[in-house]
Amino acid sequence: KAGVTQTPRYLIKTRGQQVTLSCSPISGHRSVSWYQQTPGQGLQFLFEYFSETQRNKGNFPGRFSGRQFSNSRSEMNVSTLELGDSALYLCASSLGVVPRDTRIETQYFGPGTRLLVL
Amino acid sequence: KQEVTQIPAALSVPEGENLVLNCSFTDSAIYNLQWFRQDPGKGLTSLLLIQSSQREQTSGRLNASLDKSSGRSTLYIAASQPGDSATYLCAVHPPPYGKVIFGPGTSLSVIP
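Below is a summary of the structure that appears in this document. Please read these numbers as outputs of a predicted model, since none were measured by experiment.

1. Re the overall build of chain B
From N to C terminus, chain B includes 0 helices and 11 strands. Beginning at the N terminus, the succession of helices and strands in chain B can be written as β-β-β-β-β-β-β-β-β-β-β. For 112 residues, the compact-globule formula gives about 13 Å, and the C-alpha radius of gyration of chain B, at 13 Å, lands near that figure. Counting only C-alpha atoms and orienting by the principal axes, one finds that chain B spans roughly 45 × 30 × 20 Å. Total accessible area on chain B stands at roughly 5,000 Å², and carbon and sulfur atoms take up 51% of it.

Structure follows, in structure tokens:
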């Protein structure tokens, strides 16, 4: 079973540009969550998509947006990049529903996209 | 508002020692608690998942406990090895379903 994949793995942009990151979840998973990891703030929740709808949202400005397609693949977009947006962006996939079987429902994380804003 | 803290922030131990990492959370209303490992510059690897109805989980040399009423979890690592060196993150999954809150992590260094 293939794991969560993220593309690209590394990205260098300049201030003011925009960027789109992609996440392909594990087959059968309908939920994709996005996280930002920085040395100063740690891992912070950006948003979660389930069945093409944003279901949960963290406390990030509107420059951060996302979407999910019918095949559950998700994209995250950051517009008007700032230096502080330099981070490791992780996505995680899961079934997305409260399981009857309490042994399951682990979030599976991708390797991340490392974004550097100059 | 759910907040997660981890103590200590960093830990250095000689190989072979048993050690305990601590995680605290402020709201006991959670679906589950999960421990992850992160190697430098890498993504996250799930170590153990404890559902809210469970008290502990074990995997090999790792044992995690959960005391929901006191808002605490511990990760016990037995007979530590240099390969255990990494950052260990605790995460809770509170309502609404689909949003996970992470602690700041404990950076572990096991000295050969």
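2. Regarding the packing of aromatic side chains
Overall, the coordinates contain 8 aromatic pairs over all chains when judged by the stated rule. Judged by centre distance (5.6 Å) and plane angle (40°), the ring pair of Tyr 35 of chain A and Phe 109 of chain A falls under tilted. Highlighted residues: Tyr 35 of chain A in strand E4 (residues 31-38) and Phe 109 of chain A in strand E10 (residues 108-109), separated in sequence by 74 residues. Given the relative accessible area of 0%, Tyr 35 of chain A is considered buried. Note on Tyr 35 of chain A and Phe 102 of chain B: the rings are 5.4 Å apart at their centroids and 85° apart in plane angle, and the pair reads as edge-to-face. Here Tyr 35 of chain A is found in strand E4, whereas its partner Phe 102 of chain B is found in strand E10 (residues 101-102) on a different chain. The two residues Tyr 35 of chain A and Phe 102 of chain B agree in class, both being buried. Aromatic rings pair up to connect Tyr 35, Phe 45 and Phe 109 of chain A together with Phe 36 and Phe 102 of chain B into one cluster. Note that Arg 55 of chain A overlies the ring of Phe 50 of chain A, its terminal NZ or CZ placed 4.3 Å from the centroid.

3. A few points about the interface of chain A and chain B
Between chain A and chain B, the contact holds 25 residues from the first and 19 residues from the second. Carbon and sulfur atoms supply 54% of the area that chain A and chain B bury against each other, a total of about 1,700 Å² over both sides. Summed over the shared surface of chain A and chain B, the result is 0 salt bridges. If you look at where chain A meets chain B, you find 1 residue pair in polar contact (both at pLDDT 80 or more). When contributions to the side of chain A that touches chain B are tallied by element, the ones reaching two or more residues are E4, strand E5 (42-50), strand E6 (53-57) and strand E9 (87-94) of chain A. The residue makeup of the side of chain A that touches chain B, split by class, is 11 nonpolar, 8 polar and 6 charged.

4. Things to note about the layout of surface pockets
Size it by volume and the largest pocket reaches roughly 590 Å³. Looking at the largest pocket, it is lined by 22 residues, and the ones nearest its centre are Leu 43 and Gln 44 of chain A together with Lys 1, Gln 2 and Ile 101 of chain B. The set of elements that each furnish at least two residues to the lining of the largest pocket consists of E5 of chain A together with E10 of chain B. A per-element tally of the lining of the largest pocket places E5 of chain A first, with 4 residues. Considering only residue class, the lining of the largest pocket consists of 12 nonpolar, 7 polar and 3 charged. Approximately 320 Å³ is the volume attributed to the second largest pocket. Taken together, 18 residues line the second largest pocket, and the ones lying closest to its centre are Gln 37, Thr 38 and Pro 39 of chain A together with Gln 38 and Thr 87 of chain B. Elements represented by at least two residues in the lining of the second largest pocket include exactly E4, E5 and E9 of chain A together with strand E9 (86-93) of chain B. No other element matches E9 of chain B, which puts 3 residues into the lining of the second largest pocket. For the lining of the second largest pocket, the per-class residue count stands at 8 nonpolar, 7 polar and 3 charged.

5. Side note on the pairing of strand E5 (residues 44-51) of chain B
All names here are of chain B. One ladder, built from 7 bridges, connects strand E4 (residues 32-38) with E5; its direction is antiparallel. Bridge assignment links Trp 35 to a residue of E5, and that residue is Leu 48. Hairpin connection, E4 to E5: the antiparallel pair is bridged by 5 residues, and Gly 41 has positive phi, about 70°.

What counts and how
Residues numbered from 1 in each chain as written. Chains lettered and ligands numbered in written order. Predicted model: local features only at pLDDT ≥ 70, side-chain atom pairs only at ≥ 80, totals over all residues. Heavy atoms only, no water. Helix = DSSP H or I, 4+ residues; strand = E, 2+ residues; numbered from the N terminus. Rg over C-alpha atoms; globule rule 2.2 N^0.38 Å. Areas by Shrake-Rupley, 256 points an atom, 1.4 Å probe, with all protein chains shown as cover. Phe/Tyr/Trp six-rings, centres within 6.5 Å; stacked < 30°, edge-to-face > 60°. Buried < 20%, exposed > 50% of the residue type's maximum accessible area, 1.4 Å probe, protein only. Lys NZ or Arg CZ within 6 Å of the ring centre and 35° of its normal. Contact = heavy atoms within 4.5 Å. Buried area = accessible area lost by both parts, 1.4 Å probe. Salt bridge = Lys/Arg side-chain N within 4 Å of Asp/Glu carboxyl O. Polar contact = N/O pair within 3.5 Å; in protein donor to acceptor, adjacent residues only side chain to side chain. Nonpolar A, V, L, I, M, F, W, Y, C, P; charged D, E, K, R; others polar. 1 Å grid on protein atoms, 1.4 Å probe; cavity = no way out; pocket = protein on both sides within 12 Å on 5 of 7 lines; lining within 4 Å. Points joined across faces, edges and corners; volume = space filled by probe spheres on them. Pairing = 2+ DSSP bridges.

Any functional reading would require information that these geometric values do not contain.
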